[in-house]
Amino acid sequence: EAQVTQNPRYLITVTGKKLTVTCSQNMNHEYMSWYRQDPGLGLRQIYYSMNVEVTDKGDVPEGYKVSRKEKRNFPLILESPSPNQTSLYFCASGPGQGYEQYFGPGTRLTVT
Amino acid sequence: GQQLNQSPQSMFIQEGEDVSMNCTSSSIFNTWLWYKQDPGEGPVLLIALYKAGELTSNGRLTAQFGITRKDSFLNISASIPSDVGIYFCAGRITGTASKLTFGTGTRLQVTL
């Protein structure tokens, strides 16, 4: 089944404890992206990648890192999480930068 | 980032009724996407539009890429209870190939 998977789906952590949210797609997509969704603010792009080893900042990149070492994986790294990073995070992938995007199931992160 | 104006914000309809919603912007778009999101889940792609004037159907759903390229419409015919959810439009402004701009969402609730 063609899909985008994310792990974990739920995570509660404490301020400053480094964490990684994994994202993987099995559709051989070149384009991958991370979003956060907050009430009243909608979906906002954090980082995106147009291909392996090519990443760029979205609208809200502060406090996040990404890497794209393989085509199928695009992990999101929070080096020192803070409470304002409590949010619902979505990974998405698409066949190219000008095409549709398919979203993962989401990761609900709480930072205390 | 910029958000699209999506209306209505919410709607209650009776099962069997037709539904219409739209997204508008002051910018010119070269892609329009329509998604449905259930609570706590990732957005699911419903319809993708790539040409001005394009009209595309997916079962009971029909979407159109506005001829001015500044708007898009989604219609749902003969609504059923499983249509409940939040519907988002997303578009790609001409010249910003890597970035999707999202609408604020239309919450659809269906009464029996």
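Bear in mind the structure is a predicted one, so any value in this text is a computation, not a measurement.

Details of the overall build of chain B
Across its full length, chain B holds zero helices and eleven strands. When the elements of chain B are put in sequence order from the N terminus, they spell out β-β-β-β-β-β-β-β-β-β-β. Referenced to the eigenvectors of the C-alpha coordinate spread, the extents of chain B come out at roughly 45 × 30 × 20 Å. Put simply, chain B has 112 residues, and 44% of those count as buried. Long-range pairs, those at least 24 residues apart, make up 55% of the contacts in chain B with a sequence separation of at least 6. Carbon and sulfur atoms provide 53% of the accessible area of chain B, an area that totals close to 5100 Å².

Concerning the pairing of strand β3 (residues 19-25) of chain A
All names here are of chain A. The buried fraction of β3 amounts to five of the seven residues, a majority that puts the element mostly inside the structure. With four bridges connecting them, strand β1 (residues 4-7) and β3 associate as antiparallel partners. Pairing of Thr5 across the sheet is with Ser24, part of β3.

A look at the state of the cysteines
Under the defined criterion, the tally for this structure stands at two disulfides over all chains. Cys23 of chain A shares a disulfide with Cys91 of chain A; S-S distance 1.8 Å. On the sign convention where negative is left-handed, the bridge of Cys23 of chain A and Cys91 of chain A, at about -70° about the S-S bond, is left-handed. You can see Cys23 of chain A sitting in strand β3 and its partner Cys91 of chain A sitting in strand β9 (residues 87-94), a full 68 residues away along the chain. Through a disulfide, Cys23 of chain B is tied to Cys89 of chain B; the S-S separation comes to 1.8 Å. Disulfide Cys23 of chain B-Cys89 of chain B: the torsion about the S-S bond is -90°, which places it as left-handed.

What to know about the interface of chain A and chain B
Counting residues at the interface gives 21 residues for chain A, matched by 20 residues for chain B. Together, the buried faces of chain A and chain B total about 1700 Å²; carbon and sulfur atoms form 50% of this surface. In this structure, Arg9 of chain A engages Glu41 of chain B in a salt bridge whose closest nitrogen and oxygen atoms are separated by 4.0 Å. Our count for the chain A to chain B interface comes out at four residue pairs in polar contact (both at pLDDT 80 or more). Of all elements in the fold, only β4 (31-38), β5 (42-51) and β10 (102-103) of chain A reach the threshold of two or more residues within the side of chain A that touches chain B. If you tally residues by element for the side of chain A that touches chain B, the top one is β5 of chain A, at five residues. In terms of residue class, the side of chain A that touches chain B is made up of eleven nonpolar, seven polar and three charged.

Topic: unusual backbone geometry
Omega for the bond connecting Asn7 of chain A with Pro8 of chain A falls within 30 degrees of zero, at -5°, which places this linkage in the cis form. For Pro8 of chain A, the position within the fold is in the loop between β1 and β2 (10-13). Residue Pro8 of chain B is reached from Ser7 of chain B by a cis peptide bond, and omega for that bond is 0°. Inspection of the secondary structure puts Pro8 of chain B in the loop between β1 (5-7) and β2 (10-14).

Concerning the sheet that holds strand β3 (residues 19-24) of chain B
Residues and elements named next belong to chain B. Within the open sheet, the five strands sit side by side as β1-β3-β8-β7-β6. Their pairing is antiparallel. Bordering the open sheet on either side are β1 and β6 (55-58), each of which pairs with just one other strand. Within this sheet the neighbouring strands show an average axis-to-axis angle of 15°, counted without direction.

As for the side chain of Gln45 of chain A
Mapped onto the elements of the fold, Gln45 of chain A is located in strand β5. In this structure the side chain of Gln45 of chain A is engaged in a polar contact, spanning 2.9 Å, whose partner is the side chain of Ser33 of chain A.

Description of the nonpolar core
Core analysis: the largest hydrophobic core is formed by 22 residues, its most contacted members being Trp32, Leu74 and Leu108 of chain B. Secondary-structure elements contributing two or more residues to this core are β2, β3, β4 (29-37), β5 (44-49), β7 (61-65), β8 (71-76), β9 (85-93) and β11 (106-111) of chain B. Residue contacts for Leu108 of chain B: discarding those within four places in its chain leaves Met11, Ile13, Val19, Ile76, Asp83, Val84, Gly85 and Tyr87 of chain B. By size, the runner-up hydrophobic cluster in this structure holds 18 residues, among which are Val21, Ile46, Val60 and Leu76 of chain A.

Calculation criteria
- Residues numbered from 1 in each chain as written.
- Chains lettered and ligands numbered in written order.
- Predicted model: local features only at pLDDT ≥ 70, side-chain atom pairs only at ≥ 80, totals over all residues.
- Heavy atoms only, no water.
- Helix = DSSP H or I, 4+ residues; strand = E, 2+ residues; numbered from the N terminus.
- Buried < 20%, exposed > 50% of the residue type's maximum accessible area, 1.4 Å probe, protein only.
- Contact = heavy atoms within 4.5 Å.
- Areas by Shrake-Rupley, 256 points an atom, 1.4 Å probe, with all protein chains shown as cover.
- Pairing = 2+ DSSP bridges.
- Disulfide = S-S within 2.5 Å.
- Buried area = accessible area lost by both parts, 1.4 Å probe.
- Salt bridge = Lys/Arg side-chain N within 4 Å of Asp/Glu carboxyl O.
- Polar contact = N/O pair within 3.5 Å; in protein donor to acceptor, adjacent residues only side chain to side chain.
- Nonpolar A, V, L, I, M, F, W, Y, C, P; charged D, E, K, R; others polar.
- Axes fitted to C-alpha atoms, helices over the stretch in contact; angles between N-to-C directions.
- Core = buried A, V, L, I, M, F, W, Y, C linked by side-chain atoms within 4.5 Å.

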